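Listed below are the residues making up each chain.
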Amino acid sequence: MKWSAVPEVATSRVMSQALATLYVFGGSASLLAVLGAETPWVDRALLSGLAVSALLAGGVVLRWGSRWPRPAFHIAVLQATAVVVAGVVLAPDAPTALAVGALTSFLAIASCFFFSLPLAVGHTALALAGLTAGLAVRGDVALPLALSLDAMVLGLSVVTRGLVLRASSANRDPLTGLTNRRGFDQALHELMRVVSRTDEPMSAALLDLDHFKAINDTQGHDAGDRVLRSVAKAWRRALPPTAVLARHGGDEFALLLPGLPGPAALTLVQQLRARHPDVGMSCGVAEHQPGESAAQLMRRADLALYTAKSSGRGRCELGAGPDTSDLVADLTAALDAGDVTVHFQPIRDLRTDQVVGVEALARWTHPERGLVSPAEFVAVAERHGLMPRLGEHVLRSACGQMSALHAGTGRRLRLGVNVSGRELSDPAYAQRVRTVLAETGWPATETVLEVTESLVDAECSTAVATLHELRGLGLGIAIDDFGTGYSSLSRLDTLPVAILKLDSSFIATITTSPRRATMLRSIVGMAHVLGLDVVAEGVETAEQDAQLRAIGCRFGQGWLYGRPAPLADVAAQLDRADDAHALHA
Ligand code: C2E
Ligand code: CA
Ligand code: CA
């Protein structure tokens, strides 16, 4: 830690405990000194009063001090200084005065422990000046004797400062100067104790830099270190003083926000991201629930982070309320009972205004919690090994329904199905897809598997091989959420991709940012050159629709064209559109 900084260990709780201890021992020491004095009782009454008031003050600090803001401790130390100096002046004889004066060492120790260096020096200097002046006013203590007491106190404060800094550095990350994992755990347990006593809200967040590995690999470790340092600095500045920001390891940071409920914490974390827009970040936030342990809280923050990352990175997610272990059991039961359903969202050809395809989206209504976001339960399924079952269930259900629609109405739409990273890295996945297609009678050539680019890590050769195998079966491969991560052009070249799906966060900006519109134009142009189709996702407004048409983007998907719905509803909508078309013709 920086030598001038406030020692990390000096939290309000620790300061109040330390200060209360010093008050109690100081009060007792003065009482003893008073008892030992050989003067009439009246002469000792004032000093005894001061000693008793110090004992009472100790009780007050112990009871309420942990809730005081930092400035309150300056006042408490100043008050103690005044009491000690008054005691020195009022002491009945020179030995008692010296004994009381020695209590200045308590003040010096507290200041060196609590405050930044300039303020610690200020407090110590004030206490020593007060002590020396008090002894001089008495006139019965020689100046050299007073100075020797000063020297002793000064020595103690120098040693205390050194030891405190040394102890604090064990909890520091040397690169960023933030608290390390160990310090974070300590702070977390300490705050948990306060929270469980006061019922105040508290939130925890895990923040993870996106593609940090790529920076390290392509620009070197120095560049990586610079990024970590500058991110830490920018965030530190933007956070309230009560927040605990720690480097949790690698490119992951952890944050504790006492006093903030989940939604407020989410907003704050999103502001942090805006502080450093050039570095992508995903984060998971969880609010502490009554009766929850520190480990449970962090597990939920971790799960929310995982959800954020797997729904395309660059996002912040607020974790669900109760522990997800229930969610795992409930999801398993729902899969057994066939309670996970599939909705379909139309994909429109913007040149012909016809619906040419649909995307299958899993839906699950939890018996108590209601509709659960797929981003959340897909993450749960991934983490707990349920993904093969969930994925196969959605694929089978979607293909079966599409086949039935074709048999009943003659309609044949292309079917997009989302695939998770877990599924792709399973060598048996392609075979399972082949089986499902055979059993449902749905053609491979009308099927598109949507994979997010971040999931197809170039290092995972199984995933790449699986994609080639599926392509060989006739399926189309779409890159989902394109434009959110480090969309790498070389990867487009090596993967057997036919379609780019532009992420909705990108589409949301095309009507307001001319730069984004220009980027969109180049992406569409590049895709055409490469022979790829482009689907714009999350089209919500007529302006976006007009912009996309002007640029020549061929396909669109979004609420403007239709929300995800049961296949029967989508089909009914298509029938109505056909009728309207026939009427106009
Ligand atoms: P995704 O693949 O990017 O799916 C598109 C998401 O955008 C869907 O969210 C859809 O409801 C939403 N959306 C569509 N149009 C609009 C619009 O105009 N505005 C806005 N704001 N949103 C729109 P949903 O259904 O919540 O799914 C979230 C994610 O969960 C999906 O993102 C996908 O990654 C994952 N997911 C859903 N079903 C499955 C599944 O069966 N398997 C796997 N592996 N992942 C799935
Ligand atoms: Ca998708
Ligand atoms: Ca998408």
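What comes next concerns the included structure. Owing to the predicted nature of the structure, the values given are computational and were not obtained by experimental measurement.

Let us look at the coordination of the calcium ion (ligand 2). When four donors bind a metal tetrahedrally, each ideal donor-metal-donor angle is 109.5 degrees, and when six bind octahedrally, the ideal angles are 90 or 180 degrees. Taken together, the protein donors to the calcium ion (ligand 2) comprise Glu359 (OE), Asn418 (OD1), Glu450 (OE) and Asp480 (OD), at separations of 2.1 to 2.3 Å. Donor residues for the calcium ion (ligand 2), ordered by position in the chain, follow E-x58-N-x31-E-x29-D. Between the calcium ion (ligand 2) and the calcium ion (ligand 3), a separation of 4.0 Å is found, and both are coordinated by Asp480. Within this pair, whereas Glu359 is found in strand β7 (residues 354-366), its partner Asp480 is found in strand β11 (residues 476-482), the two being separated by 121 residues in sequence. By relative accessible area, which is 7% here, Asp480 ends up buried.

So, about helix α6 (residues 117-138). In this model, α6 (22 residues) spans 32 Å end to end at C-alpha, consistent with the 32 Å of a helix rising 1.5 Å per residue. Turning to α6, the residues buried within the fold contact α3 (70-90), α4 (94-101), α5 (104-114) and α7 (143-169). Just past α6, the residue Gly139 takes up positive phi, approximately 80°.

Tracing the backbone shows Ser28 in helix α1 (residues 12-36). We classify Ser28 as partly exposed; its relative accessible area is 30%. Note: C-alpha distance between Ser28 and Leu55 (27 residues apart in sequence) is 7.3 Å.

What follows deals with the state of the cysteines. If you walk through the whole model with that rule in mind, you get one disulfide. Two residues share a disulfide in this structure: Cys283 and Cys316, whose sulfurs sit 2.4 Å from each other. Taking the torsion about the sulfur-sulfur bond, which here is approximately 120°, the covalent link between Cys283 and Cys316 counts as right-handed. Here Cys316 lies in strand β5 (residues 316-318) and Cys283 lies in strand β4 (residues 281-287), a separation of 33 residues in the sequence.

The next thing to look at is the packing of helix α12 (residues 294-310) against helix α14 (residues 374-383). With their axes 9 Å apart at the nearest point, α12 and α14 run at an angle of 105° to one another. In terms of axis orientation, α12 runs roughly perpendicular to α14. On the side of α12, the interface is formed by Asp302, Leu303, Tyr306, Thr307 and Ser310, while α14 contributes Ala375, Glu376, Ala379, Val380, Glu382 and Arg383. By residue class, the composition of the contact of α12 with α14 is five nonpolar, two polar and four charged.

Before going further, it helps to spend a moment on empty space enclosed by the protein. Gaps between atoms show up when a probe of the same size as a water molecule is rolled over them. Under the criterion given, the structure shown has one cavity of 30 Å³ or more. At the level of secondary structure, the elements contributing two or more residues to the lining of the largest cavity comprise α1, α2 (41-64), α3 and α5. Counting residues per element, the lining of the largest cavity draws most heavily on α1, at six residues.

One face of the sheet, then the other: side chains in a regular strand alternate in exactly this way. The pairing of β7 with strand β9 (residues 414-418) spans four bridges and is parallel. Bridging across to β9, Glu359 finds its partner in Gly416. Judged from the four bridges that link them, β9 and strand β10 (residues 447-452) form a sheet pairing that is parallel. In the strand pairing of β10, Gly416 is matched with Val448.

On inspection of all chains with the given rule, the structure shows six aromatic pairs. Ring geometry for Trp68 and Phe73: centres 5.7 Å apart, planes at 55°, overall tilted. With relative accessibility at 23%, the residue Trp68 sits in the partly exposed group. Under the relative-accessibility criterion, Phe73 is labelled buried at 0%. Where Trp364 meets Phe377, the ring centres are 5.8 Å apart and the plane angle is 90°; that geometry is what we call edge-to-face.

Every one of the 22 residues lining ligand 1 counts as a neighbour, but Gln345, Arg363, Asp480, Glu540 and Trp559 are closest to it. In the environment of ligand 1, a nitrogen atom lies 3.1 Å from a nitrogen or oxygen atom belonging to the backbone of Ala362. With respect to ligand 1, the side chain of Arg363 contributes an N or O atom lying 2.8 Å from an oxygen atom. Against a free-state accessible area of 800 Å², the protein chains account for coverage of 81% of ligand 1. Looking at the shell around ligand 1, the elements with two or more residues in it are β7, α14, α15 (387-409) and β11. No other element matches the four residues that β7 contributes to the shell around ligand 1. Residue composition of the shell around ligand 1, by class: eleven nonpolar, five polar and six charged.

Right, let's get into the sheet that holds β5. The mixed open sheet is built from five strands, whose spatial order is β2-β3-β1-β4-β5. Two strands close off the open sheet at either side, each with one partner strand: β2 (244-249) and β5. Ignoring which end each strand starts from, the neighbouring axes of this sheet average 20° apart. As defined by bridge partners, β4 adjoins β5 across three bridges and the pair is classed as parallel. When the sheet's bridge partners are listed, Cys283 is paired in β5 with Cys316. This element, helix α10 (residues 221-238), spans β1 (202-209), β2, β3 (252-258) and β4 of the sheet and lies at about 155° to β1.

Another point: the pattern of salt bridges. Pairing between side chains of opposite charge can happen when the charged atoms of each approach one another. Taken as a whole and assessed by the stated rule, the structure comprises 20 salt bridges. The salt bridge partner of Arg315 is Asp503, with a shortest N-O separation of 3.2 Å. On the criterion of sequence distance, the pair formed by Arg315 in the loop between α12 and β5 and Asp503 in the loop between β12 (499-502) and α20 (504-507) is long-range, its members being 188 residues apart. Overall, Arg315 belongs to the partly exposed group, its relative accessible area being 26%. A relative accessible area of 1% places Asp503 in the buried class. A salt bridge links Arg554 to Asp349; the shortest N-O distance between them is 2.9 Å.

Taken together, the protein ligands of the calcium ion (ligand 3) are Asp480 (OD), Asp481 (OD), Glu537 (OE) and Glu537 (OE), with distances of 2.2 to 2.5 Å. When its relative accessible area of 13% is taken as the criterion, Asp481 is described as buried.

Scoring rules and cut-offs
The residue numbering used here restarts from 1 in each chain and proceeds along that chain's sequence as written. Here every chain gets a letter starting at A, and every ligand a number starting at 1, in the order they are written. Reporting in this predicted model follows two pLDDT cut-offs: at least 70 for local features of residues, and 80 or more for side-chain atom pairs to be given and counted; totals over whole chains, interfaces and linings ignore these cut-offs and use all residues. Calculation of side-chain values draws on the structure's entire complement of heavy atoms; hydrogens and water are dropped beforehand. Any N, O or S atom lying within 2.8 Å of the metal counts as a donor, and for Na, K and Ca the limit rises to 3.2 Å; water is left out, so some sites can look incomplete. Helix and strand definitions here come from DSSP, where helices need a minimum of 4 consecutive H or I residues and strands a minimum of 2 consecutive E residues; each element is numbered from the N-terminal end. Classification of residues uses two cut-offs on accessible area relative to the type maximum, computed with a 1.4 Å probe and protein chains only: under 20% is buried, over 50% is exposed, and between them is partly exposed. Take the number of residues in a helix, subtract one, and multiply by 1.5 Å to get its expected span. Working rule for contacts: check all heavy atoms of both residues, and any pair within 4.5 Å makes them a contact. By definition, disulfides here are pairs of cysteine sulfur atoms that lie within 2.5 Å. Working convention: axes come from line fits to C-alpha atoms, limited for helices to the stretch in contact. Angles between N-to-C directions cover 0 to 180 degrees. Working rule for angles: under 35 degrees goes down as roughly parallel, over 145 as roughly antiparallel, 65 to 115 as roughly perpendicular, anything else as oblique. Under the grouping applied here, Gly and all other residues not named as nonpolar or charged are polar, the nonpolar ones being Ala, Val, Leu, Ile, Met, Phe, Trp, Tyr, Cys and Pro and the charged ones Asp, Glu, Lys and Arg. In this analysis a 1.4 Å probe is tested at points of a 1 Å grid over the protein atoms alone, and where it fits but cannot get out there is a cavity; an open set with protein on both sides within 12 Å along at least five of seven lines is a pocket; lining residues have an atom within 4 Å of a point. Grid points are joined across faces, edges and corners, and a volume is the space filled by probe spheres set on the points. Any two strands with at least two DSSP bridges between them are considered paired. Under the pairing criterion, centres of Phe, Tyr and Trp rings, with the six-membered ring standing for Trp, must be within 6.5 Å; the plane angle then separates stacked pairs below 30 degrees from edge-to-face pairs above 60, leaving the rest tilted. A cutoff of 4 Å decides nearness: a residue is near a molecule or strand if any of its heavy atoms lies inside that distance of it. The definition of a polar contact used here is a pair of N or O atoms within 3.5 Å, where within protein one atom must be able to donate a hydrogen and the other to accept one, and adjacent residues in sequence count solely through side-chain atom pairs. The accessible surface values rely on the Shrake-Rupley method and a 1.4 Å probe; as for residues, cover is taken only from the protein chains in view. Think of a salt bridge as a Lys or Arg side-chain nitrogen and an Asp or Glu carboxyl oxygen that are within 4 Å of each other.

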